[in-house]
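Commentary on secondary and tertiary structure
Here's the letter readout for the chains.
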Amino acid sequence: MMAEEKYTPQTWPADPEKQTLEGRNKFIGFWLFLGGETVLFASLFATYLALKNKGTHVTTNELFSLPLVFVMTMLLLTSSLTSVYAIYHMKNFHFKKMQFWFFITVLLGATFLALEIYEFYHYVHEFDFGFTSSAFSGAYYTLVGTHGAHVLFGLGWITALIIRNAKRGLSLYNAPKYYVASLYWHFIDVVWVFIFTVVYLLGKVG
Amino acid sequence: MSSIAEKRSVGAVLWEYLTTVDHKKIAHLYLFGGGFFFLLGGIEALLIRIQLLKPQFGFMSEETFNEMFTMHGTTMIFLAAMPLLFALMNAVVPLQIGARDVAFPFLNSLGFWLFFFGGVFLNLAWIFGDAPDAGWTSYASLSLFSEGHGIDYYTLGLQISGFGTLISGINFLVTIINMRAPGMTFMRMPMLTWTTFIASSLILFAFPPLTASIFFLMFDRLFTTNFFDVTAGGNTIIWEHFFWIFGHPEVYILILPSFGIFSEIISTFSRKRLFGYSSMVFATILIGFLGFMVWAHHMFTTGLGNVANAIFAVATMAIAVPTGIKIFNWLLTMWGGSIKITVPMLYALGFIPSFVIGGVTGVMQGIAPLDYQLHDTYFIVAHFHYVIVGGVVFALLAGAHFYWPKMFGTMLSERLGYITFVLFFIGFHLTFFIQHFLGLWGMPRRVATFLSGQGLDMGNFISSIGAFMMGIAIVIMLVNIVITTVKNQKVGNDPWEDGRTMEWALESPPVYYNFKQTPFVRGIDTYWIEKMEGNKGLTPAEPLDDIHMPNNTIMPVIISLGLFIAAFGMMYNPMNQVGDGKPWAIPVLIIGLCITFGTMLIRSIKDDHGYHIPKEELMNDKHKGGIAS
Ligand code: HEM
Ligand SMILES: [Cu+2]
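- As recorded in an unreviewed UniProt entry, chain B goes by Cytochrome c oxidase subunit 1 and comes from Fervidibacillus halotolerans.
- Its UniProt record gives chain B the following Sequence similarities (unreviewed entry) comment, quoted word for word: "Belongs to the heme-copper respiratory oxidase family."
- UniProt lists a comment for chain B under the heading Catalytic activity (unreviewed entry), and it reads "4 Fe(II)-[cytochrome c] + O2 + 8 H(+)(in) = 4 Fe(III)-[cytochrome c] + 2 H2O + 4 H(+)(out)".

- As annotated in an unreviewed UniProt entry, chain A carries the name Cytochrome (Ubi)quinol oxidase subunit III and comes from Fervidibacillus halotolerans.
- What UniProt records for chain A under Subcellular location (unreviewed entry) is the sentence "Cell membrane".

1. Brief notes about the overall build of chain A
- Looking only at helices and strands, chain A has six helices and zero strands in total.
- Along chain A, helices and strands appear, N-terminal first, in the series α-α-α-α-α-α.
- In terms of its C-alpha atoms, chain A occupies a principal-axis envelope of roughly 65 × 30 × 25 Å.
- When each of the 206 residues of chain A is scored for burial, the buried share is 55%.
- If you take every contact in chain A between residues at least 6 apart in sequence, the share linking residues at least 24 apart comes to 79%.

2. Thoughts on the UniProt feature "domain: Cytochrome oxidase subunit I profile" (unreviewed entry) in chain B
- Using the residue numbers shown here, the UniProt feature "domain: Cytochrome oxidase subunit I profile" (unreviewed entry) corresponds to residues 9–522 of chain B.
- Along residues 9–522 of chain B, the helical share is 70% and the strand share 0%, with 43 Å between the first and last C-alpha atoms.

3. Looking at the interface of chain A and chain B
- Opposite the 37 residues of chain A that make contact, chain B presents 39 residues.
- Summing both sides of the interface, chain A and chain B together bury roughly 2,800 Å²; the carbon and sulfur share of this comes to 72%.
- For the chain A face of the interface with chain B, the top three residues by lost area are Asn25(A), Leu32(A) and Tyr173(A), together amounting to 18%.
- The tally of links from chain A across to chain B stands at two salt bridges.
- For Arg164(A), the salt bridge is made with Asp607(B), and the minimal N-O distance between the two is 3.6 Å.
- Run the count over chain A and chain B and you get nine residue pairs in polar contact (both at pLDDT 80 or more).
- Element by element, the count of residues in the side of chain A that touches chain B is highest for helix H1 (residues 21–51) of chain A, at 19 residues.

4. With respect to the coordination of the iron atom of ligand 1
Residues and elements named next belong to chain B.
- On the protein, His383 (NE2) is the one donor atom to the iron atom of ligand 1, at 2.2 Å.
- A separation of 4.5 Å is found between the iron atom of ligand 1 and the copper ion (ligand 2).
- Tracing the chain through its elements places His383 in helix H13 (residues 378–408).

5. Topic: the site of ligand 1
Residues and elements named next belong to chain B.
- Taken together, 22 residues surround ligand 1, and among them Trp136, Asp371, His375, His383 and Arg445 come closest.
- Contact between ligand 1 and His375: an oxygen atom at 2.6 Å from a side-chain N or O atom of the residue.
- Where the shell around ligand 1 is concerned, the elements lending two or more residues are helix H8 (237–270), helix H11 (343–366) and H13.
- For the shell around ligand 1, the class distribution of residues is eleven nonpolar, nine polar and two charged.

6. Re empty space enclosed by the protein
All names here are of chain B.
- Counted under the stated rule, the structure contains four cavities of 30 Å³ or more.
- Space inside the largest cavity adds up to approximately 90 Å³.
- Arg188, Met189, Pro190, Met191, Ser263, Glu264, Ser267, Leu274, Tyr277, Ile524 and Asp525 together form the lining of the largest cavity.
- In terms of residue count, H8 provides more of the lining of the largest cavity than any other element does, three residues in total.
- Residues that form the lining of the largest cavity fall into these classes: six nonpolar, two polar and three charged.

7. Regarding the packing of helix H3 (residues 62–96) of chain B against H8(B)
All names here are of chain B.
- Where H3 contacts H8, the axes come no closer than 11 Å and their chain directions differ by 45°. The angle between H3 and H8 falls in the class oblique. In this structure, the crossing between H3 and H8 has a hand that is left-handed. Here H3 contributes Ile77, Phe78, Ala81, Met82, Leu85, Leu88, Met89 and Gln96 to the contact with H8, which in turn contributes Phe246, Glu250, Ile253, Leu254, Pro257, Ser258, Ile261 and Glu264.
- For the contact of H3 with H8, the class distribution of residues is twelve nonpolar, two polar and two charged.

8. Points about the nonpolar core
- Formed by 233 residues in total, the largest nonpolar core has its most connected members in Tyr140(A), Trp192(A) and Tyr200(A).
- In terms of residues, this core owes the most to one element, helix H7 (residues 191–223) of chain B, which gives 19 residues.
- Ignoring sequence-local partners within four residues, the contact set of Tyr200(A) consists of Phe64(A), Leu66(A), Val69(A), Glu119(A), Tyr123(A), Tyr140(A), Val144(A), Trp192(A) and Ile195(A).
- Core analysis: the next-biggest nonpolar cluster, separate from the first, contains 13 residues, Ile48(B), Met60(B), Val381(B) and Leu438(B) among them.

9. Let's talk about the pattern of salt bridges
- By the definition in use, this model includes 16 salt bridges over all chains.
- Within this structure, Arg271(B), Lys340(B), Glu497(B) and Asp498(B) form a network of salt bridges that share partners.

10. Observations regarding the coordination of the copper ion (ligand 2)
- Within the protein, the copper ion (ligand 2) binds to His248(B) (ND1), His297(B) (NE2) and His298(B) (NE2); these donor distances fall in the range 1.8 to 2.0 Å.
- Here the donor residues of the copper ion (ligand 2) share one chain and are spaced in sequence as H-x48-H-H.

Calculation criteria
Residues numbered from 1 in each chain as written. Chains lettered and ligands numbered in written order. Predicted model: local features only at pLDDT ≥ 70, side-chain atom pairs only at ≥ 80, totals over all residues. Heavy atoms only, no water. UniProt positions renumbered as here; feature names shortened; annotations may be inferred. Helix = DSSP H or I, 4+ residues; strand = E, 2+ residues; numbered from the N terminus. Buried < 20%, exposed > 50% of the residue type's maximum accessible area, 1.4 Å probe, protein only. Contact = heavy atoms within 4.5 Å. Buried area = accessible area lost by both parts, 1.4 Å probe. Salt bridge = Lys/Arg side-chain N within 4 Å of Asp/Glu carboxyl O. Polar contact = N/O pair within 3.5 Å; in protein donor to acceptor, adjacent residues only side chain to side chain. Donors = N, O, S within 2.8 Å, 3.2 Å for Na, K, Ca; no water. Near = heavy atom within 4 Å. Nonpolar A, V, L, I, M, F, W, Y, C, P; charged D, E, K, R; others polar. 1 Å grid on protein atoms, 1.4 Å probe; cavity = no way out; pocket = protein on both sides within 12 Å on 5 of 7 lines; lining within 4 Å. Points joined across faces, edges and corners; volume = space filled by probe spheres on them. Axes fitted to C-alpha atoms, helices over the stretch in contact; angles between N-to-C directions. Parallel < 35°, antiparallel > 145°, perpendicular 65-115°, else oblique. Left-handed = near helix turned anticlockwise from the far one by under 90°. Core = buried A, V, L, I, M, F, W, Y, C linked by side-chain atoms within 4.5 Å.

Below, the structure is given as structure tokens:
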């Protein structure tokens, strides 16, 4: 099957992301990559737990405020949902709708990121809690910041896809690209769920 | 692109190699790159052995000695052994599974260039003053406050090359999962392919912890964070855990493909199917799995407590079981076979007893109470050299001789090969066998010298002599390579005459699209089956059709170069612990990252559909591409 071929909703195959060999390779390769990413984040979580509240003048209890983080969580969870909509429309060959929902995903993600930057700013200025303040602060910023960097990368990636393909519609060449980007976005979301639980909720309880 | 030696300018050849995405050419690159670092690491080893030739020899200062063994170990593991294995894997695995290339040719090239630039960055440490000096393990308690920028070369260099390794690992995994020819089921895959598959999954799960801990060390030294700084709540044991969660799987990343190479060689030259193929596969998987369960055997003396030590001791000893299965399978493959002695086979024969010795000392060290005696002595040095040299380096030398014709179309001289083998084998045992005893007699590892009159003189002297024999052996091998290349006598498809797997059905070296028609695989040892039925080539699985090929590209070089440049900015940033921050550092960091990410962006925006070789052209091509017609 030729990647460049033009399609109509009738001829568009059921799993567009897996129709070409390149697509199938991307699909499996990306799942494997996410496996590696999982181990990376597991390492960061382990370090965070080992260094939690170590050498610091301000503890998790005093630092975190759940309302803000809760809003961030909701934003990111919703953005995962909208990316599902986008992929749903991709499978049905609704290019415009797909682009729209990816655009909403990016908006939600950007809001999340803005709030995260505000959160960090707040910690530094209100609590004097900087990257280098203590072992705890370093571990915290590395874990949450690595996640934030992933969000930033994801935003850039999806935006590039939206712009690049705006004029030319769906094909079997770019369908796997969209699909893989959405996988990445879900992964970021799942990691955040763990951050919310392990860092923020347990930080308030422990 | 024809196989007739056309005259092409040096520039054109260079450009071809810089931009190639062909797995066979990338294999050459890995061979040259890895080979270069192997020689460098070898020279460092010889210098170490000169310093230890006699008691209180002032050949080099103690500082230099620390740098020397650190760079030796780091270079050998990350920049020599792994890339050289990648060379053979790249050259052979796609051919063994009947594929035209790897799954991601672009990433294949990127993986190489990241490794290469990372390696060069690490070694620039020699030129710019301070080399890393905290051992290849770089324990944070030592490395955190090591003076100068040595450790920063280590963290940044390994970070860059580590990304390359991770990418290559994923690439091999996808290639083996997705690109197998029709009929090539998992349980028909040749052992080298299987071991590549398992080693690649180890890479996937072992490198991220190393990446994380190297980031911590880098942040601590360059941005004054406190992951390992105990006075600010940090904890240096975190490094030890992460390093060994990576480090132990790493030794299996090295040894499993080596096992694969020997499995191919032993069954080829016993002219018999590999004995116990399914148990070999099972043992490989089990070793890969258990490899993640034993890291704390490197930390018995750290003080994790008796319960932890006991658990890890038992898990460690358990690995000896699947390893033993493999040893017996090799012996039983030879049993009753019609054995032909060639240079690769000699290495295989030398490998079995050598590796068994290394395995036995490994189990000894796995006994936690005994390890309190052995830890940080020359006994450990002897152990890991028996497994790494007796296992991995033997496999690399054997594999180089065995696959040389497939990679370059010429045969290395068997006569010079025997001389290399004999010198290397004797030199190896001379160097390292005595080190077991040096260790038991109390010589600690990583010391710059020793006193006379403590019974260590003779042992060290013998050890150094052995090292020089190995050095001479390698020089002879280089001479062999040069002579062979100059003579340039081309060989046919199956120069060892007993090839079993699909790569031997192809030209030496194969035409750039490998297979004209995708082959149909009818069982284990496909080519052997065809030969036994009197066929000259493989059975095609498809009619002749256009072949889709990827375009060459320079982007991988640029992406890697960007990180290389950024690393300098990182190192001299104004916050660095050494206190020699430069004003240009941050701009350089940003420029470097822009180059890298900008190129990645261009790559994803610019469509690259590759090109097709039309059917008509293939029909007139005199290359057979594996199919007898
Ligand atoms: C039966 C299999 C093996 C066992 C039971 C085993 C066991 C051990 C133990 C317990 C140690 C730690 C000793 C100490 O530092 O006190 C060790 C060190 C080491 N082993 Fe093995 N090993 C095995 C196979 C291998 C293989 C296949 C390789 C490499 C290809 C390898 C490479 C190393 C290295 C590099 C070290 C030293 C690390 C360092 O401290 O710098 N081992 N081994
Ligand atoms: Cu180990």
